[in-house]
Amino acid sequence: MEPIVKSLLENDLYKFPMWQTMLHKRPEATAEYDFVCRSTPEYPLAELLDDMKQQLDQLCSLQFADDELDYLASLRYLKPDFIEFLSLFRFKAKYLKVFTEGDSLRIQAIGPQVHVMNFEIFCLYIVSELYFRRFDQAALLDEGRRRLNEKLAVLKSFEAEPLKAHPFELFDFGLRRRAWGSWQEEVVRTFQAELPGLFKGTSNVYLAKKFGLTPIGTMAHEYLQSYQAHVVRLREFQRTALEDWAQEFRGDLGIALTDTIGMDAFLRDFDLYFAKLFDGLRHDSGEPFAWGEKAIAHYQNFRIDPHGKRLVFSDGLDIPKAIDLYRHFADRIQLGFGIGTNLTNDLGQKPLNIVMKLVRCNGAPVAKLSDAPGKTLCNDPTFIAYLRQIFNHYA
């Protein structure tokens, strides 16, 4: 079977700074990650079990190549000792459990966090590609290219509009749920060639290196969730996580994720110190216009000029929604738009809604309390109730 993973560099950028921070700040942490399919697939994912095991065995045989390590070392926020760690790193199959429950495919990664946290993205796009290999790829490709051309036409028409105070900046965030690797590469190459004024980078580090693009990303939910198990007082986990991040990167990678326990609870912790320290905020759940207005009001309440800050939208975006958000906010604050599945898996066949999330750290439950129904993740309802009470989150 053709290997799906070409390189350990083919990972989302935000995994690397989170990995470095965990290695430096919490190297002793243990973690458990669970794979979940939130949608109903066309055929049972349990049928992918044998192929999945084969692909993961291949993943565990890979190491970073010297030129890949040199590329990572060129990113000023990644430190020499972390690059040295990566030069020795290999995934270990003993930390993975891959099995079926009825028609469902189950994947668990359990072990030292610095050894298991990076299975996530690879597992997701392996599952997605194995799934889409069973459909008529020629027909999907024809439809995908037709839709891609429609997106380009919309954006080229939009590009002719009068400029607002801040530019429109589009990023590819489509690695984890892409249909297959060569399609993501075609999409990124096409956007880079056709829309150089709008398309500014990709979260896929392998493609960023290959095409000379800016790799995009900072932190994900798992980073903040981990601190629910690292702190003595649960009430302090967001502030502690943000402080550790600031100390680790000293001004780099300054976009904070807001929805681990909801925007309102985040803003109560995101005080004047953090509001000045971080460059901006990333939206990943809840109504985006209301979220953006809350963010701007928060800055204004601290007498911080929003024009010096950035909002990055990344929750289920498509091109029209990104343009609408731009038109609404671009004269008041800097913006970025990370579009994922709608760029790399819009081919006429419904994509899988799959995630692989942190559920336990240091033996204790952790949770994400989303602003969107259905996105809350935790295996322990008692802990969810406790977290809701502490942060007054009852959405």
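Values in this document were obtained by computation on a predicted structure and should not be read as measured data.

J.: Sorry if this is basic, but what is going on with the pattern of salt bridges here?
T.: Oppositely charged side chains can pair when the atoms bearing their charge come close. Applying the stated rule across the entire model yields 32 salt bridges. Among the ionic pairs, Glu-120 bridges to Lys-15, the shortest N-O distance being 2.6 Å. Placement of the pair is Glu-120 in helix α6 (residues 119–132) and Lys-15 in helix α1 (residues 15–25), with a sequence separation of 105 residues. Exposure class is identical for Glu-120 and Lys-15. Each is buried. For Arg-310, the salt bridge identified is with Glu-169, shortest N-O distance 3.0 Å. Highlighted residues: Arg-310 in strand β9 (residues 310–313) and Glu-169 in the loop between α7 (137–159) and β4 (170–172), separated in sequence by 141 residues. Of the two residues, Arg-310 and Glu-169, both sit in the buried class. Taken together, the shared-partner salt bridges connect Glu-143, Arg-146, Arg-147, Glu-150, Lys-151 and Asp-346 into one network.

J.: Teacher, can you tell me more about the pairing of strand β1 (residues 30–37) here?
T.: The side chains of a regular strand alternate, residue by residue, between the two faces of the sheet. As judged from the five bridges shared by β1 and strand β3 (residues 104–112), these two strands associate in the antiparallel manner. Among the inter-strand pairings, Thr-30 is bridged to a residue of β3, identified as Pro-112. Pairing of β1 with strand β11 (residues 354–361) involves seven bridges; the strand directions are antiparallel. Across the sheet, Phe-35 pairs through a bridge with Met-356, a residue of β11.

J.: Mind showing me how you'd approach helix α15 (residues 319–329) here?
T.: Along α15, the residues classified as buried are Ile-319, Ala-322, Ile-323, Leu-325, Tyr-326 and Phe-329. Summarising the axial view, the buried residues of α15 lie within an arc of 160 degrees, below the 170-degree limit, and thus occupy one face. Buried-residue contacts for α15 involve α7, β4, α14 (288–301), β9, β10 (334–339) and α16 (341–344). Its side-chain oxygen 2.9 Å from the backbone nitrogen of Lys-321, Asp-318 forms the N-cap of α15.

J.: Could you clarify how one ought to interpret the packing of helix α3 (residues 66–73) against helix α4 (residues 80–88) in this entry?
T.: Axis angle and axis distance: for two packed helices, these are the angle between their axes and the distance between the axes, and together they describe the pair. Running from N to C, α3 and α4 cross one another at 160 degrees; their axes reach a closest spacing of 10 Å. Classed by the angle they form, the pair α3 and α4 counts as roughly antiparallel. In the crossing of α3 with α4, the sense of the turn from one axis to the other is right-handed. Together, Leu-69, Leu-72 and Ala-73 of α3 and Ile-83, Leu-86 and Ser-87 of α4 make up the contact between the two elements. Across the contact of α3 with α4, the residue classes break down as five nonpolar, one polar and no charged.

Conventions we followed
- Residues numbered from 1 in each chain as written.
- Predicted model: local features only at pLDDT ≥ 70, side-chain atom pairs only at ≥ 80, totals over all residues.
- Heavy atoms only, no water.
- Salt bridge = Lys/Arg side-chain N within 4 Å of Asp/Glu carboxyl O.
- Helix = DSSP H or I, 4+ residues; strand = E, 2+ residues; numbered from the N terminus.
- Buried < 20%, exposed > 50% of the residue type's maximum accessible area, 1.4 Å probe, protein only.
- Pairing = 2+ DSSP bridges.
- Arc of directions from axis to C-beta.
- Contact = heavy atoms within 4.5 Å.
- Polar contact = N/O pair within 3.5 Å; in protein donor to acceptor, adjacent residues only side chain to side chain.
- Axes fitted to C-alpha atoms, helices over the stretch in contact; angles between N-to-C directions.
- Parallel < 35°, antiparallel > 145°, perpendicular 65-115°, else oblique.
- Left-handed = near helix turned anticlockwise from the far one by under 90°.
- Nonpolar A, V, L, I, M, F, W, Y, C, P; charged D, E, K, R; others polar.

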